[in-house]
Amino acid sequence: MTRAMGAAMRRIHVGNALSAFGLGFTVPYLYVYVAQVRGLGAMTAGLVLAVFAVAALIVLPFAGRAIVRRGPLPVLLAALVTAALGALSLGLAGSAATVLLSAAALGAGQAVMQPALATMIVDCSSAQTRSRAFATQFFLQNLGLGVGGLIGGHLVDTTRVSSFTLLFAIEAAMFLLLVVVMSTVRMPHSPRFGDAPARSAKGNWKQLLGNRAMVQLMVLGFVLFFACYGQFESGLSAYGVEAAGISTSALGTALAANTLMIVVAQFAVLKFVERRRRSRVIAAVGLIWAVAWIVAGYAGLGHGSQEMATAAFVSTYALFGLGEAMLSPTVAPLVADLAPSGLAGQYNSAFALVKQLALAVGPAVGGPMAASLHGPYVVTFLLFSLGITVLALRLGRQLMPAQDQPSSAARSRVVARGELPTEPVAAEA
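What counts and how
Note that residues are indexed from 1 along each chain, following the sequence as it is written. Local features are withheld for residues below a pLDDT of 70 in this predicted model, meaning they are given only at 70 or higher, and side-chain atom pairs are given and counted only at 80 or more; totals for whole chains, interfaces and linings count all residues. The side-chain quantities take in all heavy atoms of the structure and omit both hydrogens and water. What makes a patch is a set of residues exposed beyond 30% relative accessible area and free of salt bridges, joined within 9 Å when like-charged and within 5 Å when nonpolar (Val, Leu, Ile, Met, Phe, Trp, Tyr). Accessibility throughout is a Shrake-Rupley quantity obtained with a 1.4 Å probe, and a residue counts as covered only by protein chains that appear here. Salt bridges, as used here, are contacts in which a Lys or Arg side-chain nitrogen is within 4 Å of a carboxyl oxygen on Asp or Glu. Where helices and strands are cited, they refer to DSSP runs of H or I of at least four residues and of E of at least two residues respectively, numbered from the N terminus. Contacts are assigned to residue pairs that have any heavy atoms within 4.5 Å of one another. Lines fitted to the C-alpha atoms define the axes, with helices restricted to the stretch that makes contact. Angles between their N-to-C directions range from 0 to 180 degrees. In this scheme the crossing of two helices becomes right-handed for a clockwise turn of the near helix relative to the far one and left-handed for an anticlockwise turn of less than a right angle. Classification convention: Asp, Glu, Lys, Arg as charged; Ala, Val, Leu, Ile, Met, Phe, Trp, Tyr, Cys, Pro as nonpolar; all other residues, Gly among them, as polar. The rule is simple: take the accessible area with a 1.4 Å probe, protein chains only, and divide by the maximum for that residue type; under 20% is buried, over 50% is exposed, in between is partly exposed. Our angle categories are set so that under 35 degrees counts as roughly parallel, over 145 as roughly antiparallel, 65 to 115 as roughly perpendicular, and the remainder as oblique. Within 6.5 Å between ring centres, the rings of Phe, Tyr and Trp (the latter by its six-membered ring) count as paired, and their orientation is classed by plane angle as stacked under 30 degrees, edge-to-face over 60, tilted in between.

1. Side note on a nonpolar patch on the surface
Turning to step 1, where the next piece is worked out: On the surface, a nonpolar cluster with roughly 350 Å² of combined accessible area is contributed by Leu-143, Val-147, Ile-151, Leu-155 and Leu-166.
Turning to step 2, where the next piece is worked out: The biggest single contributor to the nonpolar patch is helix H6 (residues 130-155), with four residues.
Turning to step 3, where the next piece is worked out: By the secondary structure assignment, Val-147 is in helix H6.

Structure (structure tokens):
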């Protein structure tokens, strides 16, 4: 990594922390703000959460093409300004229509930030340093969300609209500050769409869908986000309250345990992950999450003491955090290494699109099931976790050794990116 790439990477990491810090101020309190503080009711609050997902699904296909054509930095700056305007207007909105429009702008801006920042990390890292770069990104995101949520919780007052307006103003200020920071980044030259022979957007998508490894990774990604992230604030929390009798304070402790595990374990597991095949790391995460669902089953169905049920439920969230810490230096770098030269933005956006779809479907399926069908809920997502292991092992058979385990190719002068052999080659154990 050159000095210029290192300087750019440091600014990108600062940007990740600032954006997460701003989001932490408002995300935990969005439902309360719309439904109670603005008095718009639960229906409007639910629509706001749905608008975030819909806005992301609409803009991400276009974001990928824009990143490929223009580069990630201009796209990121446009997304930040859009998100800042959405956040500020959301804090001032008094009607359902303005709330929903503001949420759409904020959701679209947030969604585009993810692949833009991921592509910037790809451009400023090598195959050998990419895992650590994405691990640092994930660490800072969770730290920023945790600190922002903690400070925001001390600022909000449900009896005063102005306290929430302040929160959204701080969030907007964080996005605008990030615009200033990112404007100073000097990105290294990397291949762009314009550097290669012209292809249509349809041709880019056809090429992506023709990459069997990438298609399998997107299916695997959908299951990952559906079975874990899509359950955190919906199904799993509903299951904890209804089946395990978990109090709201204990639920907050469980969420804190998840964040704490990520912050503490992220760099502790990094060296272990870097020396292993990525497909096997993901397969191990599936087994860890299967254990987490078994522990959750004990919490709600074990008929033990309330203290034991609470301890088991908190442990469930901590186990999920351990799996997340293992995934952060694994999945995102793999997406980048599967992308042909110049199309990292397209691949990052496609994967982000799959993620948003899973996060939209996950709560819709898991929430009602968790509230009324406690046993089937746990069994269903236990099977999904085991499915992650199976899908990861199948993916490993489609990957080149340098894609599955970059450390094994550290001494090679050429690291293959985005091209598969005519016959799948299994990485050496």
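Structure shown, so let's carry the discussion forward.
2. Regarding the environment of Tyr-347
Turning to step 1, where the next piece is worked out: Its location among the elements puts Tyr-347 in helix H15 (residues 344-372).
Turning to step 2, where the next piece is worked out: When the C-alpha positions of Tyr-347 and Ala-336 are compared, they lie 7.3 Å apart, and in sequence the two are 11 residues distant.
Turning to step 3, where the next piece is worked out: Sequence-distant contacts of Tyr-347, defined by excluding residues within four places in its chain, comprise Gln-207, Leu-208, Asn-211, Met-214, Val-335, Leu-338, Ala-339 and Pro-340.

3. Things to note about the packing of helix H9 (residues 212-227) against H15
In helix packing, the relevant descriptors are the interaxial angle and the interaxial distance, both defined with respect to the helix axes.
Turning to step 1, where the next piece is worked out: Two numbers describe how H9 lies on H15: the axes approach to 8 Å, and their chain directions differ by 35°. Note on packing geometry: the crossing formed by H9 with H15 is right-handed. For the pair formed by H9 and H15, the contact residues are Met-214, Leu-217, Met-218, Gly-221, Phe-222, Phe-225 and Phe-226 on the first element and Tyr-347, Ala-350, Phe-351, Val-354, Lys-355, Leu-357, Ala-358, Leu-359, Val-361, Gly-362 and Val-365 on the second.
Turning to step 2, where the next piece is worked out: Classifying every residue of the contact of H9 with H15 by side-chain character gives 15 nonpolar, two polar and one charged.

4. What about helix H2 (residues 30-37)?
Turning to step 1, where the next piece is worked out: Those residues of H2 that fall on the buried side of the exposure criterion are Leu-30, Tyr-33, Val-34, Ala-35 and Val-37.
Turning to step 2, where the next piece is worked out: Two residues or fewer after H2 comes Gly-39, characterised by a positive phi angle close to 65°.

5. Quick notes on the packing of helix H3 (residues 41-70) against H15
Turning to step 1, where the next piece is worked out: Axis separation between H3 and H15 bottoms out at 8 Å; the angle between their running directions is 175°. Taken together, H3 and H15 sit at an angle that is classed as roughly antiparallel. Contacts between H3 and H15 involve Ala-53, Ala-56, Leu-57, Leu-60, Pro-61, Ala-63, Gly-64, Arg-65, Ile-67 and Val-68 on the former and, on the latter, Gly-345, Gln-346, Ser-349, Ala-352, Leu-353, Gln-356, Leu-357 and Ala-360.

6. Structural notes on the packing of aromatic side chains
Turning to step 1, where the next piece is worked out: Per the stated rule, a full pass over the model turns up 15 aromatic pairs.
Turning to step 2, where the next piece is worked out: Between the aromatic rings of Phe-222 and Phe-226, the centroid separation amounts to 5.9 Å while the plane-to-plane angle is 10°, which identifies the pairing as stacked. Of the two residues, Phe-222 and Phe-226 both sit in helix H9, four residues apart, roughly one turn of that helix.
Turning to step 3, where the next piece is worked out: Residue class for Phe-222 comes out partly exposed when judged on its relative accessible area of 25%.
Turning to step 4, where the next piece is worked out: Put simply, the rings of Phe-222, Phe-226, Tyr-239, Trp-289, Trp-293, Phe-320, Tyr-377, Phe-381 and Phe-384 touch in pairs and so form one group of aromatic residues.

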